[in-house]
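Summary of the model geometry
The residues making up each chain are set out below.
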Number of protein chains: 2
Amino acid sequence: MFSIGKLGRAARVKVPTIRYYEQIGLLPEPDRSAGNQRLYPRTALDRLAFIRHARELGFPLDAIRDLLGLSDHPDQSCAAADAIARAQLDAVRDRIVRLKALEGELERMLDQCASGTISDCRVIEVLGDHANCAHDHDGKDLG
Amino acid sequence: MFSIGKLGRAARVKVPTIRYYEQIGLLPEPDRSAGNQRLYPRTALDRLAFIRHARELGFPLDAIRDLLGLSDHPDQSCAAADAIARAQLDAVRDRIVRLKALEGELERMLDQCASGTISDCRVIEVLGDHANCAHDHDGKDLG
DNA sequence: TCTTGAAGCTATAGCCACTAGAGCAATTAG
DNA sequence: CTAATTGCTCTAGTGGCTATAGCTTCAAGA
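Residues numbered from 1 in each chain as written. Chains lettered and ligands numbered in written order. Predicted model: local features only at pLDDT ≥ 70, side-chain atom pairs only at ≥ 80, totals over all residues. Heavy atoms only, no water.

1. Things to note about the protein's contact with DNA strand D
The full set close to DNA strand D counts 19 residues, and Tyr21 and Arg55 of chain A together with Gly5, Arg19 and Arg38 of chain B are the nearest of them. Near the protein, within 4 Å, the atoms of DNA strand D are sugar or phosphate in 90% of cases. Contacts to DNA strand D include glycine 35 of chain A, whose backbone N or O atom sits 3.2 Å from a phosphate oxygen. A total of 3 residues in the surface near DNA strand D trace back to one element, the largest contributor, which is helix H2 (residues 15-23) of chain A. Broken down by class, the residue content of the surface near DNA strand D amounts to 6 nonpolar, 8 polar and 5 charged. (Near = heavy atom within 4 Å. Polar contact = N/O pair within 3.5 Å; in protein donor to acceptor, adjacent residues only side chain to side chain. Helix = DSSP H or I, 4+ residues; strand = E, 2+ residues; numbered from the N terminus. Nonpolar A, V, L, I, M, F, W, Y, C, P; charged D, E, K, R; others polar.)

In structure tokens, the structure reads:
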């Protein structure tokens, strides 16, 4: 049995994050010690490591909830898990495309800056006038 | 003079967002009509367009606040504006690198999925065991 | 056994940049 | 004049945590 701190170190997840996952129902409520402290079985480590790894791959917690549900039913088809991962891959690719457009725009803007005064600063000017831009940009990647 | 709705349409910014920008001090409080409705001068459109464009380029509102402050002082050096834009470019490049690593990991995971049952699903397995991974990933791009 | 410090507990608030909704007042088009 | 649209304020919610306050429990050393 692990304390929450040991579990957190083992899975490399911060203690408040574990409590948060419990609060939103991603981790089951564990038993408590006589002094009301959480005591986790070994299986909690697997589940938490799964969550952490999926988070590192950018899956939102809702998708992780689904994946955890699937992993509890080993006999079913993995088509659903595949679909979730594929959606995540699509989302990641989408963000890369948009960020590359932003990168190009910022590069262009900075290339034109002659480091003079604000009044002839291309950075400020470009920001003030969309017509200076090469692309459209839709601002959906501003986390 | 614009109503808030006309201003929003002109700058392509949603009305509640304009009120939010006012609330956090990014836009000055405008005069009101006899019936307490906001009335904006033409200059508000420039300022709002500037904000929207900077947001589309991924600048956080705090950086935009600084840029707006700079654009109000056209005689100063544009070095500060340049630095803000450069920091934003660095941040964008950083996110692209991390997202590409995630993309590769997800691709590998999906390539290995033979579409069988959950019990031999590589997607679930890879998520459960970090040792299957090619890279480290640090989970800092999960917005 | 006592003590001290680390680790645990709950509850609340904050982060970013909005978005949604309730319930009402003002304006505008027909 | 009426009905539709737009506006107003206020509150709460989003995602995924993180931080703080004020308390209790536990583990290790003297």
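Once the structure has been displayed, the description carries forward.
2. Some thoughts on the protein's contact with DNA strand C
By nearness alone, 18 residues border DNA strand C, and Gly5, Arg19 and Arg38 of chain A together with Tyr21 and Arg55 of chain B come closest of all. Near-protein atoms of DNA strand C (within 4 Å) split between backbone and bases, with sugar and phosphate holding 90%. With respect to DNA strand C, the side chain of serine 3 of chain A contributes an N or O atom lying 3.2 Å from a phosphate oxygen. Glycine 5 of chain A is positioned such that a nitrogen or oxygen atom in its backbone is 2.5 Å from a phosphate oxygen of DNA strand C. Those elements that provide at least two residues to the surface near DNA strand C are helix H1 (4-11) of chain A together with helix H2 (15-23) of chain B. The biggest single contributor to the surface near DNA strand C is H2 of chain B, with 3 residues.

3. Re the nonpolar core
With 85 residues, the main nonpolar core has Phe59 of chain A together with Phe59 of chain B as its most contacted residues. With near-sequence residues (within four places) excluded, phenylalanine 59 of chain A lies in contact with Ala54, Ile64, Leu67, Ile84, Ala85 and Gln88 of chain A together with Leu106, Met109 and Leu127 of chain B. (Core = buried A, V, L, I, M, F, W, Y, C linked by side-chain atoms within 4.5 Å. Buried < 20%, exposed > 50% of the residue type's maximum accessible area, 1.4 Å probe, protein only. Contact = heavy atoms within 4.5 Å.)

4. Concerning the packing of helix H4 (residues 61-71) of chain A against helix H5 (residues 79-111) of chain A
All names here are of chain A. At a minimum axis separation of 10 Å, H4 and H5 run at an interaxial angle of 160 degrees. By the criterion of interaxial angle, the relationship of H4 to H5 is roughly antiparallel. Seen from above, H4 lies across H5 with left-handed handedness. Contacts between H4 and H5 involve Ala63, Asp66, Leu67 and Leu70 on the former and, on the latter, Ala80, Ala81 and Ile84. Across the contact of H4 with H5, the residue classes tally to 6 nonpolar, no polar and 1 charged. (Axes fitted to C-alpha atoms, helices over the stretch in contact; angles between N-to-C directions. Parallel < 35°, antiparallel > 145°, perpendicular 65-115°, else oblique. Left-handed = near helix turned anticlockwise from the far one by under 90°.)

5. Describing the pattern of salt bridges
Residue and element names in this part refer to chain A. All chains considered together, the criterion is met by 18 salt bridges over all chains. Notably, a salt bridge pairs arginine 65 with aspartate 62, separated by 3.9 Å at the nearest N-O pair. Here arginine 65 and its partner aspartate 62 are both found in helix H4, 3 residues apart, which amounts to about one turn of the helix. By relative accessible area, arginine 65 is classed as partly exposed at 33%. (Salt bridge = Lys/Arg side-chain N within 4 Å of Asp/Glu carboxyl O.)

6. Comments concerning H2 of chain A
Residues and elements named next belong to chain A. If you check which residues of H2 are buried, you get Ile18, Tyr21 and Glu22. Projected onto a plane normal to the axis of H2, the buried residues spread over an arc of 100 degrees and lie on a single side. Projecting away from the buried face of H2 at angles above 90 degrees are the exposed residues Pro16 and Gln23. In this structure, the buried residues of H2 make contact with H1, strand E1 (31-32), strand E2 (38-39), helix H3 (42-56) and H4. (Arc of directions from axis to C-beta.)

7. Quick word on the packing of aromatic side chains
By convention here, two paired aromatic rings are described through the distance between centres and the angle between planes. Residues and elements named next belong to chain A. Applying the stated criterion across every chain, the model contains 2 aromatic pairs over all chains. Aromatic side chains tyrosine 20 and tyrosine 21 sit 6.0 Å apart centroid to centroid with 45 degrees between the ring planes, which places their arrangement in the tilted category. Assessed through its relative accessible area of 39%, tyrosine 20 is described here as partly exposed. (Phe/Tyr/Trp six-rings, centres within 6.5 Å; stacked < 30°, edge-to-face > 60°.)

8. Some details on the confidence of the model for chain A
Segments scoring low in pLDDT should not have their predicted coordinates read at a detailed level. The pLDDT averaged across chain A works out to 85; a share of 85% of its residues lies at or above 70. When mean pLDDT is compared element by element in chain A, E2 of chain A scores highest at 97, while helix H6 (residues 122-128) of chain A scores lowest at 77. (pLDDT = per-residue confidence, 0-100.)

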